[in-house]
Amino acid sequence: MSSDDGELLEVRWSAVNGWRVLSLAGEVDVTRQDELFGELSGALREASARVVLDLSRVTYIDSSGLSAIAVANREAAPGAVFRIAGSGGFVLRLLRTTGLDTVLDVHPNVEHAAR
């Protein structure tokens, strides 16, 4: 994903223990929210979905990025499982400040989330 200003957000899908893992690296802001929401909501359409969002390499996320994550979680198919991994430092503080840490299933790392 890239924005008009040339800033890049690296997006990579992988699998760990039968879970689909979406790993992000870089900045998540208003220029990337639609793409992030599209990736997540597409992955969470099936009731059998098991998805981990790895934020360990995210250097910045704003309210629009958090909103994309929260809405994708809320609109996930019944039975789909969505977990957040690797949110530390700045990202974890934002999740706590906004109260999203009480709504989202937050784990310290992908290995822990994909159990």
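Each value, and the rule that gives it
- Residues numbered from 1 in each chain as written.
- Predicted model: local features only at pLDDT ≥ 70, side-chain atom pairs only at ≥ 80, totals over all residues.
- Heavy atoms only, no water.
- Helix = DSSP H or I, 4+ residues; strand = E, 2+ residues; numbered from the N terminus.
- Rg over C-alpha atoms; globule rule 2.2 N^0.38 Å.
- Buried < 20%, exposed > 50% of the residue type's maximum accessible area, 1.4 Å probe, protein only.
- Areas by Shrake-Rupley, 256 points an atom, 1.4 Å probe, with all protein chains shown as cover.
- Lys, Arg positive; Asp, Glu negative; His and termini not counted.
- Charge placed at Lys NZ, Arg CZ, Asp CG, Glu CD.
- Core = buried A, V, L, I, M, F, W, Y, C linked by side-chain atoms within 4.5 Å.
- Contact = heavy atoms within 4.5 Å.
- Pairing = 2+ DSSP bridges.
- pLDDT = per-residue confidence, 0-100.
- Axes fitted to C-alpha atoms, helices over the stretch in contact; angles between N-to-C directions.
- Parallel < 35°, antiparallel > 145°, perpendicular 65-115°, else oblique.
- Left-handed = near helix turned anticlockwise from the far one by under 90°.
- Nonpolar A, V, L, I, M, F, W, Y, C, P; charged D, E, K, R; others polar.

Looking now at the overall build of the protein chain. Scanning the protein chain from terminus to terminus reveals four helices and five strands. Traced from its N-terminal end to its C-terminal end, the protein chain shows the element sequence β-β-α-β-α-β-α-β-α. For 115 residues, the compact-globule estimate of 2.2 N^0.38 gives 13 Å, and the protein chain sits close to it at 13 Å. Principal-axis analysis of the C-alpha atoms places the extent of the protein chain at approximately 35 × 25 × 25 Å. A buried classification covers 45% of the 115 residues belonging to the protein chain. On the protein chain, roughly 5,900 Å² of surface is accessible, and the fraction owed to carbon and sulfur atoms is 48%. Mean positive and mean negative side-chain charge positions of the protein chain (11 and 16 charges, respectively) differ by 9 Å.

By size, the foremost hydrophobic cluster in this structure holds 27 residues, and its most contacted members are L24, L53, I69 and F82. For this core, the secondary structure elements donating two or more residues are β2 (19–28), α1 (33–43), β3 (50–61), α2 (63–74), β4 (81–85) and α3 (89–98). Of all the elements, β3 adds the most residues to this core, at five residues. Not counting the four nearest positions on each side in its chain, F82 is found in contact with L40, L44, V51, L53, I69, N73, L104 and D105.

Summarising burial for β2: eight of the ten residues are buried, a large majority. Relative to β2, strand β1 (residues 9–16) runs antiparallel, the two being bridged by eight bridges. When the sheet's bridge partners are listed, V16 is paired in β2 with W19. Linking β1 to β2, which pair antiparallel, is a turn of two residues; within it N17 sits at a positive phi near 50°.

Across the protein chain, the average pLDDT comes to 93, with 94% of residues at 70 or higher. Contacts for the low-pLDDT stretch residues 1–6, under 50 throughout, to residues beyond four places or in other chains number 14 contacts.

Below, the discussion takes up the packing of α1 against α2. Their axes nearest at 9 Å, the elements α1 and α2 cross at an angle of 20°. Taken together, the axes of α1 and α2 are roughly parallel relative to one another. Handedness of the α1/α2 crossing: right-handed. On the side of α1, the interface is formed by Q33, L36, F37, L40 and S41, while α2 contributes S64, G65, A68, I69, V71 and A72. Here the residues of the contact of α1 with α2 are counted per class, giving seven nonpolar, four polar and no charged.

Structurally, A68 can be placed in helix α2. Under the relative-accessibility criterion, A68 is labelled buried at 5%. Considered as a pair, A68 and Q33 are 35 residues apart in the sequence and their alpha carbons are 5.8 Å apart. Ignoring anything within four residues of it in the chain, the contact list for A68 reads Q33, L36 and F37.

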